[in-house]
Amino acid sequence: MKTSIVSLKARQIWDSRGRPTVEAEVRLAGGATGRAIAPAGASRGAHEAVDLRDGGPRFGGMGVEGAVAAVNGALARALEGRDAADQAGVDTAIVTADGTANKARLGANATVATSMAVLHAAAAAAGEPLWRHLAGGRDVRLPLPEIQIFGGGAHAGRRTDIQDFMVMAPHAGSVRRALEITADVYRAAGEMMAGRGRLAGTADEGGWWPSFDSNEEALVALTEAIERAGYRPGREVWISLDVAANELFDGSAYRLPLDKAALDSAAMVERVVGWSERYAIASIEDPVSQDDLTGMADATRRLGRRVQMIGDDILVTSAGRIRRIAAAGACNAALIKVNQAGTVSEAKGALDAAQDLGWAAIVSARSGESEDLTIAHLATGWDAGQLKVGSFARSERMAKWNELLRIEEAMGERAHFAGADALPASVAARIRSEGP
Ligand code: PGA
Ligand code: ZN
């Protein structure tokens, strides 16, 4: 069979933070090949699949010799001879070979690189770009980008408590136009920071390194940057936040050092509700910590009709968790990170669970990335509706945005930008009624 896996091998390469990561390469009997690179998070949820790191003194303990050996050994043995066109079968074999609930034995860095490499090889064997191979003849939408302007939290020495200050252009009509609008806002924000003597470089995902005296000052600055770029906040351009509140919770309180505040769950929700009332915010991710189900349900009840409420660390790309947390009335959208699950099929299962609930979904990069383009294809081919990659700088980010432009061009007349429709229905209705 042309799509039988004849070889699987891995190598250690380097990610966007200069840390070791795993690249896997698959060859099929018919000669097709596929290659993929594992990304790596910095603000990770406790419930996500875990990367295998060597520990010890080399590379700050971040080495991946063990994970590379897991691909070349256990995973190669489990997959050689299998049909790459049967992604579900391949991923089941990966899960079985690992045998743990969280990929702790072989490492999610080993399994995700392998699973995605097989997917690429299957698309190559079919002679199709990956997005089209995944779409399988369905009409799919180009995702609405969520793009970071200021990067804070664990990605910028905790210079702000909020991790991501992002923008969305739901009325842009195309990826091409959405990226042009973002370029204008990103440049305006940089010029503004420079003009105030506060430009201090860029954070891990390429957003401007934040230099503010409170979290709210960053929201004011983002609003000003949108206006300075010639757009109206809450019309053409909307704000999206990833609070990443896991990183703020110390076990007893949410600590926001920039605001000199220690908040309980109710007060944390109150603070986020206040920001939503004062700024053009259409989306909020992780406003409370990964185990604060009450807080997330409270925030969703208060804001969920007007604001997309995304679960990242609370859902960790797990279909089971998505269903459980939905039953508690928390979240109306799921972040989908393939490496939180560890295989392509498990991540797709989480996406399907979210969409079956009527939720929105956002395929997402990690803060540690590479030239790997897989997520641009997944967001499009799976018709997820949204894509979050980080900022509008640094080639590990721009590579994904640029790939979306190529996909948009390849779709030609049939290109359809998801826009506001990608958001939860009531949020989409709000955005359509208030703008552009
Ligand atoms: P991470 O952060 O990749 O550092 O975990 C990204 C996010 O929180 O969405
Ligand atoms: Zn997040």
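For the structure itself, look to the data block above.
Every residue gets a number counted from 1 within its own chain, in the order that chain's sequence is written. Chain letters start at A and ligand numbers start at 1, both assigned in the order the entries are written. Where local features are concerned, this predicted model is filtered to residues with pLDDT of at least 70; where side-chain atom pairs are given and counted, the filter is 80 or more; whole-chain, interface and lining totals use all residues. For side-chain calculations, the full set of non-hydrogen atoms in the structure is used, while hydrogens and water are omitted.

Caption draft 1: Fine view of the packing of aromatic side chains. To pair, rings of Phe, Tyr and Trp, with the six-membered ring standing in for Trp, must have centres within 6.5 Å; the planes then decide the type, stacked if under 30 degrees apart, edge-to-face if over 60, and tilted in the middle. Applying the stated criterion across every chain yields a total of five aromatic pairs. With 5.3 Å between their ring centres and 90° between their planes, Trp14 and Phe59 make a pair best called edge-to-face. One end of the pair, Trp14, is in strand 1 (residues 5-14); the other, Phe59, is in the loop between strand 3 (33-37) and helix 1 (65-79), and 45 residues separate them in sequence. Ring centres of Phe249 and Tyr254 lie 4.8 Å apart, and the angle between their planes is 45°; on these two criteria the pair is classed as tilted. Overall, the relative accessible area of 32% leaves Phe249 in the partly exposed class. Note on conventions: DSSP H or I runs of at least 4 residues are helices, E runs of at least 2 residues are strands, and numbering of each starts at the N terminus. Burial classes: relative accessible area under 20% of the type maximum marks a residue as buried, over 50% as exposed, and values in between as partly exposed (1.4 Å probe, protein chains only).

Caption draft 2: Molecular detail of the sheet that holds strand 1. In spatial order, the strands read 1-2-3; together these three strands make up an open sheet with antiparallel pairing. Two strands bound the open sheet, and with one partner strand each, they are strand 1 and strand 3. When strand polarity is set aside, the average angle formed by the axes of neighbouring strands in this sheet is 15°. Between two residues, a contact is recorded if the distance between any of their heavy atoms is within 4.5 Å. To obtain each axis, a line is fitted to C-alpha atoms, and for helices this fit is confined to the stretch in contact; angles are then taken between N-to-C directions over 0 to 180 degrees. Docked against the sheet, helix 1 engages strand 1 and strand 2 (20-28), running at close to 170° with respect to strand 1. Sitting on the sheet, helix 3 (residues 108-126) touches strand 1, strand 2 and strand 3, and the angle it makes with strand 3 is about 145°. At least two DSSP bridges between two strands are required for those strands to pair.

Caption draft 3: Region of interest: the packing of helix 12 (residues 374-381) against helix 13 (residues 395-411). Across the interface, helix 12 lies against helix 13 with an axial gap of 8 Å and an inter-helix angle of 45°. Relative to helix 13, helix 12 is oriented oblique. Handedness of the crossing formed by helix 12 with helix 13: right-handed. Across the interface between the two elements, Ile375, Ala376, His377 and Thr380 from helix 12 touch Lys400, Glu403, Leu404, Ile407 and Met411 from helix 13. In this classification, the charged set is Asp, Glu, Lys and Arg, the nonpolar set is Ala, Val, Leu, Ile, Met, Phe, Trp, Tyr, Cys and Pro, and all remaining amino acids, among them Gly, are polar. Looking at the contact of helix 12 with helix 13 residue by residue, the class counts come to five nonpolar, two polar and two charged. Reported orientations rely on four angle classes, namely roughly parallel under 35 degrees, roughly antiparallel over 145, roughly perpendicular from 65 to 115, and oblique for the rest. In this scheme, a crossing is called left-handed if the near helix is turned counterclockwise away from the far one by less than a right angle; it is called right-handed if the turn is clockwise.

Caption draft 4: Spatial organisation of the coordination of the zinc ion (ligand 2). Only nitrogen, oxygen and sulfur atoms qualify as donors, and only when within 2.8 Å of the metal (3.2 Å in the case of Na, K and Ca); with water excluded, sites may look incomplete. Distances from the zinc ion (ligand 2) to its protein donors, Asp242 (OD), Glu285 (OE) and Asp312 (OD), fall within 2.1 to 2.2 Å. On the primary sequence, the residues serving as donors to the zinc ion (ligand 2) are separated as D-x42-E-x26-D. Pair noted here: Asp242 is in strand 6 (residues 238-242) and Glu285 is in strand 9 (residues 281-285), with a separation of 43 residues, a long-range link. For the pair shown, Asp242 and Glu285 are each scored as buried.

Caption draft 5: Examining the environment of Glu396 more closely. Relative to the assigned elements, Glu396 resides in helix 13. On the basis of relative accessible area, Glu396 is assigned to the buried category, the value being 11%. When the C-alpha positions of Glu396 and Asp372 are compared, they lie 7.7 Å apart, and in sequence the two are 24 residues distant. Setting aside residues no more than four positions away along its own chain, Glu396 makes contact with Ser16, Asp204, Glu369 and Ser370.

Caption draft 6: Geometry of the site of ligand 1. Looking at ligand 1, there are 13 residues lining it, with Ala42, His155, Arg366, Ser367 and Lys388 nearest. Pairs of N or O atoms within 3.5 Å make up the polar contacts considered here, provided that, within protein, one atom can donate a hydrogen while the other can accept it, and that residues adjacent in sequence are counted only when both atoms are side-chain atoms. The separation between an oxygen atom of ligand 1 and a polar side-chain atom of Arg366 is 2.7 Å. Between ligand 1 and Lys388 there is a distance of 2.8 Å, counted from an oxygen atom to a side-chain nitrogen or oxygen. Accessible surface is estimated by sampling points in the Shrake-Rupley manner with a 1.4 Å probe; for residues, cover comes only from the protein chains shown. When the free accessible area of ligand 1 is taken as 280 Å², the share hidden by the protein chains comes to 99%. Each residue belonging to the shell around ligand 1 can be placed in one class, and the counts come to two nonpolar, five polar and six charged. For each domain, the first and last residues come from an automatic or database assignment. In this structure, the shell around ligand 1 is formed jointly by two domains, domain 1 (5-127) and domain 2 (144-434), each of which donates at least three residues. Definition of nearness: a residue and a molecule or strand are near each other if at least one heavy atom of the residue lies within 4 Å of the molecule or strand.

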